[in-house]
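What the coordinates show
Take a look at the letters that make up each chain.
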Amino acid sequence: MSEETDKGVRKNAKHKASMEKQKSKVDARIDEADIERGVAILLTGNGKGKSSSAFGMVMRALGYGHKVGVVQFIKGQQLSGEEIYLREQCPGVDLYQMGTGFTWNTQDRSGDIAAAEKTWAVAKPMLDDDSYDLVVLDELTYMLAYKYLPEDDVVAALANRPVQQSVVVTGRGGGSALQEIMDTVSEIKEVKHAFKAGIKARQGVDY
Ligand code: ATP
Ligand code: MG
């Protein structure tokens, strides 16, 4: 056997041993995880990918025929691909958007609060309805950050939701009380963003 081939064989054997070790560790953890219940997920941080990840889970859930509710706490001027798709192709998904009353430019705090409360009045019953398998509360964190909604009420509704229901909350910040009650918290870090290099937001990718 040439020196090169010998080196290759040893490298393969080492890789195999390392993979086997890793697999047994993962298998042990899979065996340990025996709690069957819905999960509460918070997707936060400054990087791109929070809402798009949430809509990825909507697609997963729909694949299994699960019942999904989506409430968006900010309505941009622009229509989004996910909104068009859900409205046109997924009549079974209950989609609600905060809509009028909230814009970054109004400077109308009481109007914003009224809009937030109206939207929460749609979201809260979903968190109390065990027919929903998945509830997405997109951009909810800002309602807490601006104190448009009472944190206690939101946190309690999330924590006391039906056992088998999963919930995904997106948005930057959100605070420690929220993080505390969520099962999975991912902070998406911005390493780079195309926008900062002058590349325009892209249809089908950014909205
Ligand atoms: P996405 O909806 O693409 O997953 P997101 O939910 O993580 O993004 P948001 O803060 O909700 O982020 O921003 C919504 C819009 O702003 C999207 O068009 C997204 O591409 C863009 N965006 C997200 N992060 C950044 C960033 N760090 N700099 C500039 N634009 C961003
Ligand atoms: Mg978002």
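Rules used throughout
- Residues numbered from 1 in each chain as written.
- Chains lettered and ligands numbered in written order.
- Predicted model: local features only at pLDDT ≥ 70, side-chain atom pairs only at ≥ 80, totals over all residues.
- Heavy atoms only, no water.
- Domains from an automatic or database assignment.
- Core = buried A, V, L, I, M, F, W, Y, C linked by side-chain atoms within 4.5 Å.
- Buried < 20%, exposed > 50% of the residue type's maximum accessible area, 1.4 Å probe, protein only.
- Helix = DSSP H or I, 4+ residues; strand = E, 2+ residues; numbered from the N terminus.
- Patch = residues over 30% accessible without salt bridge, like charges linked within 9 Å, V, L, I, M, F, W, Y side chains within 5 Å.
- Areas by Shrake-Rupley, 256 points an atom, 1.4 Å probe, with all protein chains shown as cover.
- Salt bridge = Lys/Arg side-chain N within 4 Å of Asp/Glu carboxyl O.
- Lys, Arg positive; Asp, Glu negative; His and termini not counted.
- Charge placed at Lys NZ, Arg CZ, Asp CG, Glu CD.
- Donors = N, O, S within 2.8 Å, 3.2 Å for Na, K, Ca; no water.
- Contact = heavy atoms within 4.5 Å.
- Polar contact = N/O pair within 3.5 Å; in protein donor to acceptor, adjacent residues only side chain to side chain.
- Pairing = 2+ DSSP bridges.
- Axes fitted to C-alpha atoms, helices over the stretch in contact; angles between N-to-C directions.
- Near = heavy atom within 4 Å.
- Nonpolar A, V, L, I, M, F, W, Y, C, P; charged D, E, K, R; others polar.

**Things to note about the domain arrangement of the protein chain**
When its domains are assigned, the protein chain resolves into domain 1 (1–34) and domain 2 (37–197). A C-alpha centroid distance of 41 Å is found between domain 1 and domain 2.

**Focus: the nonpolar core**
For soluble globular proteins, the rule of thumb is that nonpolar side chains tend to be buried together. Of all hydrophobic cores here, the largest spans 28 residues; its most connected members are Phe73, Leu137, Met143, Leu158 and Val169. With five residues, helix α4 (residues 109–126) is the largest single contributor of residues to this core.

**Thoughts on a negative patch on the surface**
A cluster of acidic residues, Asp31, Glu32, Asp34 and Glu36, forms a negative patch on the protein surface. Residue position: Glu36 is located in the loop between α1 (3–32) and β1 (40–44).

**What about the coordination of the magnesium ion (ligand 2)?**
Within the protein, the magnesium ion (ligand 2) binds to Ser51 (OG) and Glu139 (OE); these donor distances fall in the range 2.1 Å. With a gap of 88 residues between them, Ser51 in helix α2 (residues 50–63) and Glu139 in the loop between β4 (134–138) and α5 (141–145) connect regions that are remote in the sequence. Residue class for Ser51 comes out buried when judged on its relative accessible area of 18%. Of the residues examined, Glu139 reaches a relative accessible area of 18% and is grouped as buried.

**Regarding the environment of Arg37**
Mapped onto the elements, Arg37 comes out in the loop between α1 and β1. Sequence separation of Arg37 and Gly47 is ten residues, and the distance between their C-alpha atoms is 29 Å. When near neighbours in sequence (up to four residues on either side) are disregarded, Arg37 contacts Arg161, Val163, Gln164 and Asp183. Looking at Arg37, its side chain comes within polar contact range of the side chain of Asp183, at 2.9 Å.

**Let's talk about the sheet that holds β4**
Taken together, the six strands give an open sheet; going across it, the order is β3-β2-β4-β5-β1-β6, and neighbouring strands pair in parallel fashion. Each edge of the open sheet carries a strand with a single partner, namely β3 (94–97) and β6 (184–187). In this sheet, neighbouring strand axes are inclined to one another by 10° on average, regardless of whether the strands run parallel or antiparallel. Here four bridges tie β4 to strand β5 (residues 166–170), and the two strands are oriented parallel to one another. Counted as the bridge partner of Val135 is Val167 from β5.

**Some words on the pattern of salt bridges**
Side-chain pairs of opposite charge can arise whenever the charged atoms involved come near each other. Summed over all chains, the structure comprises eight salt bridges. With a shortest N-O distance of 3.3 Å, Asp206 and Lys48 are connected by a salt bridge. Here Asp206, found in the segment after β6, pairs with Lys48, found in the loop between β1 and α2; they are 158 residues apart in sequence, far enough to count as distant. Taking the relative accessible area as the measure of exposure, Lys48 reaches 41% and is therefore partly exposed.

**Brief notes about the site of ligand 1**
In the neighbourhood of ligand 1, 14 residues make up the surrounding shell, with Lys48, Lys50, Ser52, Glu190 and Asp206 lying closest. Here an oxygen atom of ligand 1 sits 2.5 Å away from a polar atom, N or O, in the side chain of Asp206. Protein contact buries 79% of the 570 Å² of open area that ligand 1 shows by itself. Here the residues of the shell around ligand 1 are counted per class, giving one nonpolar, six polar and seven charged.

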